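The primary structure of each chain is shown beneath.
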Amino acid sequence: MTNPRFTVYAPGRVNLIGDHTDYAGGLALPCAIDLGVTIAGIHQPGRVELQTDALEGNVVLDLGTKHDVASIEPRWGRYVAAVAQEVRPSQGFIGSIESTLPTGAGLSSSAALEIALALAMEFNGSQMELALLAQRSELAAVGVPCGLLDQLSIVFGRAGHAMVIDFADNSIEHVAFPEDLDVVVLHSGQERQLADSHYAERRASCELAADRIGPLPKATIADTNTLDGDTRRRARHVVSECERVRQSAVALRENDPTTVGQLMTQSHASLRDDFQVSTPVLDELVDRLNITPGVYGARLTGAGFGGCVVALSDRGAISDPNALSGRGWIVHPTDGARRKTI
Ligand code: GLA
């Protein structure tokens, strides 16, 4: 847009290890990445008007009216309405959205959009409040009972660092990411819709398990053996995944990519066999990456059911990620979301 008065930017995130642990109060090791959502705009009273080339349709939201969020079309307007309900902005804006983040790919495009929208609506609370607001907006907009992995990664990202998040108390510890390593992300070509997937069902299984054996991040594999069938498998994933995150954090600090890579590949097996959120295409990409020279390990990243895989490799080991899957990126850990007034 010509002569915008502000721009906001929210990065996506890639989770190196620790999936389906956040809503169980567990651990994860993500980073914000250099693919993201930018909104440029000019303030105006009373209305938010947005257009984007990334998604179909334009959104016009009257801020004085109460909206039935779940029935707004185009669908991405639901995020705008849900965030507006939370922020209650004193003025609107007219703007455009540009995104380098693929949607439905497990790289947190919806959380990035929500956080960018909240900043565009001049949200001025704390960073933690911003993350919590975006989480509530996701539930209101598309009914996904997500954890806080995406929002915390996007808000608290730091250039050159990954972060260990402990969802027991949402504490964050940044860990320098070794400069001689690459984070490779490959798209499976399978777009997934979290709301349509079995995300809520998986979360409910973890809650059932926790009711029986206590908080999963503190439970042992022996504890999970007292559970039955699917509940046992889901709990076993969370318990083992939290342990893999602990070990990965130590290995990353010690610049031991071999161990981190092995843990990532074990994480994929657990997500495939115990949590059952992988697909044959994701499995195939992980296998292909694992036989590529210079790659330490690979796994699906995010919720699964399609989307992307992430791999850790020596710097430059994969010079053309597109050649491996049709669509891929070498991503770099970046700073979190920010607002810029012009
Ligand atoms: C999605 C959710 C997150 C998290 C991941 C799986 O990205 O939004 O809260 O549960 O799936 O780790």
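Definitions and cut-offs
- Residues numbered from 1 in each chain as written.
- Predicted model: local features only at pLDDT ≥ 70, side-chain atom pairs only at ≥ 80, totals over all residues.
- Heavy atoms only, no water.
- Helix = DSSP H or I, 4+ residues; strand = E, 2+ residues; numbered from the N terminus.
- Rg over C-alpha atoms; globule rule 2.2 N^0.38 Å.
- Buried < 20%, exposed > 50% of the residue type's maximum accessible area, 1.4 Å probe, protein only.
- Contact = heavy atoms within 4.5 Å.
- Areas by Shrake-Rupley, 256 points an atom, 1.4 Å probe, with all protein chains shown as cover.
- Lys, Arg positive; Asp, Glu negative; His and termini not counted.
- Charge placed at Lys NZ, Arg CZ, Asp CG, Glu CD.
- Pairing = 2+ DSSP bridges.
- Domains from an automatic or database assignment.
- Buried area = accessible area lost by both parts, 1.4 Å probe.
- Salt bridge = Lys/Arg side-chain N within 4 Å of Asp/Glu carboxyl O.
- Phe/Tyr/Trp six-rings, centres within 6.5 Å; stacked < 30°, edge-to-face > 60°.
- Axes fitted to C-alpha atoms, helices over the stretch in contact; angles between N-to-C directions.
- Left-handed = near helix turned anticlockwise from the far one by under 90°.
- Nonpolar A, V, L, I, M, F, W, Y, C, P; charged D, E, K, R; others polar.

## Digging into the overall build of the protein chain
Inference 1: Within the protein chain, the regular secondary structure consists of ten helices and twelve strands.
Inference 2: Computed over its C-alpha atoms, the radius of gyration of the protein chain comes to 20 Å, within 12% of the 20 Å expected for a compact globule of 342 residues.
Inference 3: Seen through its principal axes, the protein chain has C-alpha atoms that stretch 60 × 45 × 35 Å.
Inference 4: Relative to its full complement of 342 residues, the protein chain shows a buried share of 57%.
Inference 5: Pairs at least 24 residues apart make up 70% of the contacts formed inside the protein chain by residues separated by at least 6 positions.
Inference 6: When the accessible surface of the protein chain is totalled, it reaches about 13,900 Å², and 47% of it is carbon and sulfur.
Inference 7: Positive and negative charge centroids in the protein chain, built from 29 and 42 side chains respectively, lie 3 Å apart.

## Regarding the pairing of strand E10 (residues 308–314)
Inference 1: Of all the seven residues making up E10, six are buried; the element is thus mostly covered by neighbouring parts of the structure.
Inference 2: Relative to E10, strand E8 (residues 181–187) runs antiparallel, the two sharing seven bridges. By the bridge assignment, Leu186 is partnered in E10 with Val309.
Inference 3: Bridge analysis of strand E9 (residues 295–301) against E10 gives six bridges, and the strand direction is antiparallel. Along E10, the bridge assignment pairs Val295 with Ser313.
Inference 4: Counting the residues in the hairpin turn of E9 and E10 gives six residues, including Gly302, whose phi is positive at 90°.

## Points about the domain arrangement of the protein chain
Inference 1: For the protein chain, the assigned domains read domain 1 (5–173 + 335–341) and domain 2 (177–331).
Inference 2: With centres defined by C-alpha atoms, the gap from domain 1 to domain 2 works out at 23 Å.
Inference 3: Taken residue by residue, the interface counts 37 residues in domain 1 and 44 residues in domain 2.
Inference 4: Buried area between domain 1 and domain 2, both sides added, is near 3,200 Å², and the carbon and sulfur share of it is 66%.
Inference 5: Among the residues of domain 1 in contact with domain 2, Ile17, His20 and Tyr23 are the three that bury the most area, contributing 21% of the side total.
Inference 6: Applying the counting criterion to the domain 1 and domain 2 interface returns two salt bridges.
Inference 7: For Asp19, the salt bridge identified is with Arg299, shortest N-O distance 2.7 Å.

## Some points on the packing of aromatic side chains
Inference 1: Tallying each qualifying case throughout the model produces two aromatic pairs.
Inference 2: Plain terms: the ring middles of Tyr23 and Tyr199 are 5.5 Å apart, the flat faces sit at 80° to each other, and that makes the pair edge-to-face. Residue Tyr23 is found in the loop between strand E1 (6–17) and strand E2 (27–44), and its partner Tyr199 is found in helix H5 (residues 199–213); the two are separated by 176 residues along the sequence.
Inference 3: Given the relative accessible area of 10%, Tyr23 is considered buried.

## Remarks on the packing of helix H3 (residues 127–142) against helix H4 (residues 149–156)
Inference 1: The interhelical angle for the contact between H3 and H4, taken along N-to-C directions, is 145°, at an axis separation of 9 Å. Here H3 runs over H4; the crossing is right-handed. The segment H3 lies against H4, with Gln127, Met128, Leu130, Ala131, Ala134 and Gln135 engaging Gln151, Leu152, Val155 and Phe156.
Inference 2: Considered class by class, the residues forming the contact of H3 with H4 number seven nonpolar, three polar and no charged.

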